[in-house]
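# Summary of structural features
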Amino acid sequence: MHTDTQGQALPVYALAHLFGFDLMPRVRNWKDLIFYRPSAEVRYRHIDALFGEPGRNVIDWDLIENHYLDRMRVVLSIQEGKISSATLLRRLSTYSRHNNFYKAFREVGRVIRRVQLLRFLSDPQLRRRTTAETSKVESYNRFSDWCRFGNHGVIAANDPDEQEKILKFSALLTNAVIFHTTLDMMTAVRELIADGWSITLEDLAVLSPYLTARIQRFGVYATDEITLTPDAYDAHLGVDLAEAD
């Protein structure tokens, strides 16, 4: 799961690990990050400087072990719908900073982030993939902000329920526009194929549905089109994707 730098909070690393997937954010400001040692005695020949002074920044394994059952209860509660992950992370990132429950999640997060950062350092392909994926996310967010142009994109409501509705409606609107744009792009690709053009996977890879040209955000109010039935959605693009396997 990819995210930007702000998504690398330690409890998030821990929760992602407990649910069985890798959190791979795009990382910047490496000089501000702390690598934690598995024990005070451990030294590394080439990368020891990343871990700070010897004897410091050590993982508290006893804390992790003592709160194992607590973490499992939290994960099972989220799976059963008893508590939302968003609510939990909000509590873990605010007033629970001095609570042992928070510290246990933070300690697991330190372990997981340390491993992920070392993977990130040693694998150029992983860095390229992570940067590409987070760039897609940022492109989507910019497009969503463009669609939610009213009030300059500011959510003025203080009611959490109203805020949630605005975000959900915004996501619905954004996805609808993206879907419509994608259909138009597919139609154009089919027309090019029908005219004899050869369309490859490399050609499709540079296309993006986050286009803003010719989109009228205020809408078009044509009452004579209300009774028109949209064409059936055809998912067949007509491009040979066998080489993608």
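Calculation notes
Here the residue numbers are simple positions, counted from 1 along each chain's written sequence. pLDDT decides what is reported in this predicted model: residues at 70 or higher carry local features, side-chain atom pairs at 80 or more are listed and counted, and totals for whole chains, interfaces and linings draw on all residues regardless. Calculated side-chain values reflect all of the structure's heavy atoms, with hydrogen atoms and water omitted. For helices, the fitted axis covers only the stretch in contact; all axes are lines through C-alpha atoms, and the angles between them, taken along N-to-C directions, range from 0 to 180 degrees. A run of H or I in DSSP counts as a helix once it spans at least four residues, and a run of E counts as a strand once it spans at least two, with each numbered from the N terminus. Here the angle decides the label: under 35 degrees means roughly parallel, over 145 means roughly antiparallel, 65 to 115 means roughly perpendicular, and every other value means oblique. Residues count as neighbours in contact if any of their non-hydrogen atoms are within 4.5 Å of one another. The classification used treats Ala, Val, Leu, Ile, Met, Phe, Trp, Tyr, Cys and Pro as nonpolar, Asp, Glu, Lys and Arg as charged, and all other residues, Gly among them, as polar. Note: pLDDT gives the predictor's confidence per residue, expressed from 0 to 100. Expected span, for any helix, means 1.5 Å times one less than how many residues it has. Throughout this description, buried means an accessible area under 20% of the type-specific maximum (1.4 Å probe, protein chains only), exposed means over 50%, and partly exposed covers the range between.

Look at helix 1 (residues 10-18) against helix 5 (residues 100-122): their axes get within 7 Å of each other, and the N-to-C directions meet at 80 degrees. Here helix 5 runs roughly perpendicular to helix 1, going by the angle between their axes. Between helix 1 and helix 5, the residues in contact are Leu10, Pro11, Tyr13, Ala14, Leu15, His17 and Leu18 and Tyr102, Phe105, Arg106, Val108, Gly109, Arg110, Ile112, Arg113 and Gln116, respectively. Residues belonging to the contact of helix 1 with helix 5 are distributed by class as follows: 10 nonpolar, 3 polar and 3 charged.

A few words now on the confidence of the model for the chain. Taken residue by residue, the chain gives an average pLDDT of 84. The fraction at 70 or more is 93%. The spread of mean pLDDT over the elements of the chain runs between helix 4 (residues 85-92), the lowest at 70, and helix 2 (residues 61-66), the highest at 92.

What follows concerns helix 7 (residues 160-194). For helix 7, built from 35 residues, the straight-helix expectation of 51 Å at 1.5 Å per residue is met to within 8% by its first-to-last C-alpha distance of 51 Å. Of the positions making up helix 7, those classed as buried are Ser170, Thr174, Val177, Ile178, Thr181, Met185, Met186 and Val189. If you follow the buried residues of helix 7, they end up packed against helix 6 (124-147) and helix 8 (201-205). Where helix 7 terminates, the next one or two residues include Gly196, which has phi positive at roughly 100 degrees.

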